[in-house]
Amino acid sequence: MTLNDLADIIAARKTADPDSSWTAKLLAQGPEKCAEKFGEEAIEAIIEAVKGDKARLTSEAADVLYHLLVMLAARDVALDDVIAELAARQGTSGIAEKAARD
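Basis of the calculations
- Residues numbered from 1 in each chain as written.
- Predicted model: local features only at pLDDT ≥ 70, side-chain atom pairs only at ≥ 80, totals over all residues.
- Heavy atoms only, no water.
- Helix = DSSP H or I, 4+ residues; strand = E, 2+ residues; numbered from the N terminus.
- Buried < 20%, exposed > 50% of the residue type's maximum accessible area, 1.4 Å probe, protein only.
- Contact = heavy atoms within 4.5 Å.
- Areas by Shrake-Rupley, 256 points an atom, 1.4 Å probe, with all protein chains shown as cover.
- Lys, Arg positive; Asp, Glu negative; His and termini not counted.
- Charge placed at Lys NZ, Arg CZ, Asp CG, Glu CD.
- Patch = residues over 30% accessible without salt bridge, like charges linked within 9 Å, V, L, I, M, F, W, Y side chains within 5 Å.
- Salt bridge = Lys/Arg side-chain N within 4 Å of Asp/Glu carboxyl O.
- Arc of directions from axis to C-beta.
- Axes fitted to C-alpha atoms, helices over the stretch in contact; angles between N-to-C directions.
- Nonpolar A, V, L, I, M, F, W, Y, C, P; charged D, E, K, R; others polar.

Brief notes about the overall build of the chain
Phase 1 of the analysis: Helices and strands together make up the secondary structure of the chain, namely six helices and zero strands.
Phase 2 of the analysis: When the elements of the chain are put in sequence order from the N terminus, they spell out α-α-α-α-α-α.
Phase 3 of the analysis: Within the chain, the fraction of its 102 residues that count as buried is 25%.
Phase 4 of the analysis: Here the analysis covers contacts within the chain between residues at least 6 apart in sequence; of these, 54% occur between residues at least 24 apart.
Phase 5 of the analysis: Summed over all atoms, the accessible surface of the chain reaches about 6,800 Å², with 58% contributed by carbon and sulfur.
Phase 6 of the analysis: The distance from the centre of the 12 positive side-chain charges to the centre of the 19 negative ones in the chain is 3 Å.

Listed below in C-alpha coordinates is the structure:
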(Lines give C-alpha, C1' and ligand atoms only; values in the text may rest on other atoms or scores of the structure.)
Protein backbone atom coordinates (compact mmCIF):
# COMPACT_ATOMS: atom_id res chain seq x y z
CA MET A 1 0.00 0.00 0.00
CA THR A 2 1.28 3.45 -0.89
CA LEU A 3 0.59 6.70 0.93
CA ASN A 4 -1.63 7.67 -2.00
CA ASP A 5 -3.65 4.48 -1.52
CA LEU A 6 -4.01 5.22 2.18
CA ALA A 7 -5.01 8.83 1.50
CA ASP A 8 -7.69 7.57 -0.91
CA ILE A 9 -9.05 5.15 1.70
CA ILE A 10 -9.14 7.91 4.31
CA ALA A 11 -10.96 10.24 1.89
CA ALA A 12 -13.53 7.53 1.20
CA ARG A 13 -14.12 7.06 4.93
CA LYS A 14 -15.08 10.73 5.39
CA THR A 15 -18.66 9.75 4.56
CA ALA A 16 -18.64 6.37 6.32
CA ASP A 17 -20.57 5.55 9.48
CA PRO A 18 -18.42 6.49 12.49
CA ASP A 19 -19.62 3.32 14.24
CA SER A 20 -18.14 1.16 11.48
CA SER A 21 -14.77 2.85 10.87
CA TRP A 22 -12.04 4.19 13.17
CA THR A 23 -11.10 6.69 10.47
CA ALA A 24 -14.68 7.90 10.11
CA LYS A 25 -14.94 8.17 13.89
CA LEU A 26 -11.79 10.32 14.07
CA LEU A 27 -12.94 12.55 11.22
CA ALA A 28 -16.39 12.94 12.79
CA GLN A 29 -14.72 14.29 15.95
CA GLY A 30 -13.29 17.17 13.96
CA PRO A 31 -9.92 18.53 12.89
CA GLU A 32 -8.85 19.37 16.44
CA LYS A 33 -9.21 15.75 17.60
CA CYS A 34 -7.40 14.54 14.48
CA ALA A 35 -4.54 16.94 15.25
CA GLU A 36 -4.46 15.76 18.87
CA LYS A 37 -4.19 12.11 17.77
CA PHE A 38 -1.42 13.01 15.32
CA GLY A 39 0.48 14.73 18.13
CA GLU A 40 0.08 11.73 20.44
CA GLU A 41 1.41 9.38 17.78
CA ALA A 42 4.33 11.70 16.98
CA ILE A 43 5.32 11.72 20.65
CA GLU A 44 5.13 7.93 20.80
CA ALA A 45 7.39 7.73 17.73
CA ILE A 46 9.87 10.12 19.34
CA ILE A 47 9.98 7.97 22.48
CA GLU A 48 10.71 4.83 20.45
CA ALA A 49 13.39 6.66 18.43
CA VAL A 50 15.11 7.73 21.65
CA LYS A 51 14.84 4.22 23.09
CA GLY A 52 16.32 2.76 19.92
CA ASP A 53 13.62 0.12 19.46
CA LYS A 54 13.59 -0.24 15.68
CA ALA A 55 10.50 -2.48 15.51
CA ARG A 56 8.44 -0.21 17.78
CA LEU A 57 9.66 2.89 15.93
CA THR A 58 8.58 1.30 12.64
CA SER A 59 5.13 0.62 14.06
CA GLU A 60 4.80 4.10 15.54
CA ALA A 61 6.03 5.69 12.28
CA ALA A 62 3.20 3.91 10.45
CA ASP A 63 0.76 5.34 13.02
CA VAL A 64 2.24 8.82 12.52
CA LEU A 65 1.82 8.64 8.74
CA TYR A 66 -1.75 7.38 9.05
CA HIS A 67 -2.72 10.07 11.56
CA LEU A 68 -0.98 12.77 9.48
CA LEU A 69 -3.13 11.79 6.51
CA VAL A 70 -6.27 11.80 8.66
CA MET A 71 -5.39 15.26 9.98
CA LEU A 72 -4.81 16.53 6.43
CA ALA A 73 -8.13 15.04 5.30
CA ALA A 74 -9.90 16.71 8.21
CA ARG A 75 -8.73 20.07 6.85
CA ASP A 76 -9.22 19.12 3.16
CA VAL A 77 -5.51 19.25 2.40
CA ALA A 78 -4.69 16.77 -0.37
CA LEU A 79 -1.62 14.57 -0.13
CA ASP A 80 -0.85 15.63 -3.71
CA ASP A 81 -0.60 19.24 -2.50
CA VAL A 82 1.92 18.22 0.15
CA ILE A 83 3.88 16.26 -2.43
CA ALA A 84 3.81 19.28 -4.78
CA GLU A 85 5.17 21.44 -1.96
CA LEU A 86 8.01 18.97 -1.41
CA ALA A 87 8.71 18.92 -5.16
CA ALA A 88 8.84 22.73 -5.21
CA ARG A 89 11.45 22.61 -2.47
CA GLN A 90 13.59 20.03 -4.25
CA GLY A 91 16.98 21.34 -5.20
CA THR A 92 16.82 24.08 -2.58
CA SER A 93 19.05 23.89 0.45
CA GLY A 94 17.03 23.16 3.57
CA ILE A 95 18.84 25.99 5.30
CA ALA A 96 18.04 28.46 2.49
CA GLU A 97 14.42 27.28 2.31
CA LYS A 98 13.93 27.73 6.05
CA ALA A 99 15.55 31.18 5.95
CA ALA A 100 13.16 32.22 3.16
CA ARG A 101 10.16 31.29 5.36
CA ASP A 102 11.42 33.26 8.39
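Quick notes on a nonpolar patch on the surface
Phase 1 of the analysis: A surface patch of nonpolar side chains, amounting to about 230 Å² of accessible area, comprises Val77, Val82 and Leu86.
Phase 2 of the analysis: With relative accessibility at 36%, the residue Val77 sits in the partly exposed group.

Here we look at a negative patch on the surface
Phase 1 of the analysis: Taken together, the side chains of Asp5, Asp8, Asp80 and Asp81 make up a negatively charged region of the molecular surface.
Phase 2 of the analysis: Of note, Asp5 is situated in helix α1 (residues 3-13).
Phase 3 of the analysis: Owing to a relative accessible area of 36%, Asp5 belongs among the partly exposed residues under this scheme.

What to know about α1
Phase 1 of the analysis: Buried within α1 are the following residues: Leu6, Ala7 and Ile10. The buried residues of α1 occupy one face: seen down the axis, they fall within an arc of 100°. Seen from the buried face of α1, the exposed residues on the opposite side, beyond 90 degrees, are Asp8 and Ala12.
Phase 2 of the analysis: Contacts from the buried residues of α1 go to α2 (22-28), α4 (54-74) and α5 (79-89).

Structural notes on the packing of α1 against α5
Phase 1 of the analysis: Running from amino to carboxyl end, α1 crosses α5 at an angle of 145°, the nearest separation of the two axes being 10 Å. In contact with Leu3, Asn4 and Ala7 of α1, α5 contributes Leu79, Asp80 and Ile83.
Phase 2 of the analysis: Partitioned by chemical class, the residues of the contact of α1 with α5 number four nonpolar, one polar and one charged.

Remarks on the pattern of salt bridges
Where charged atoms of side chains with opposite charge meet at close range, the side chains can pair.
Phase 1 of the analysis: Summed over all chains, the structure comprises seven salt bridges.
Phase 2 of the analysis: Its salt-bridge partner being Glu40, residue Lys37 comes within 3.2 Å of it at the nearest N-O pair. With Lys37 and Glu40 both in helix α3 (residues 31-51), this residue pair falls three residues apart, about one helical turn.
Phase 3 of the analysis: Here Glu40 falls in the partly exposed class, since its relative accessible area comes to 31%.

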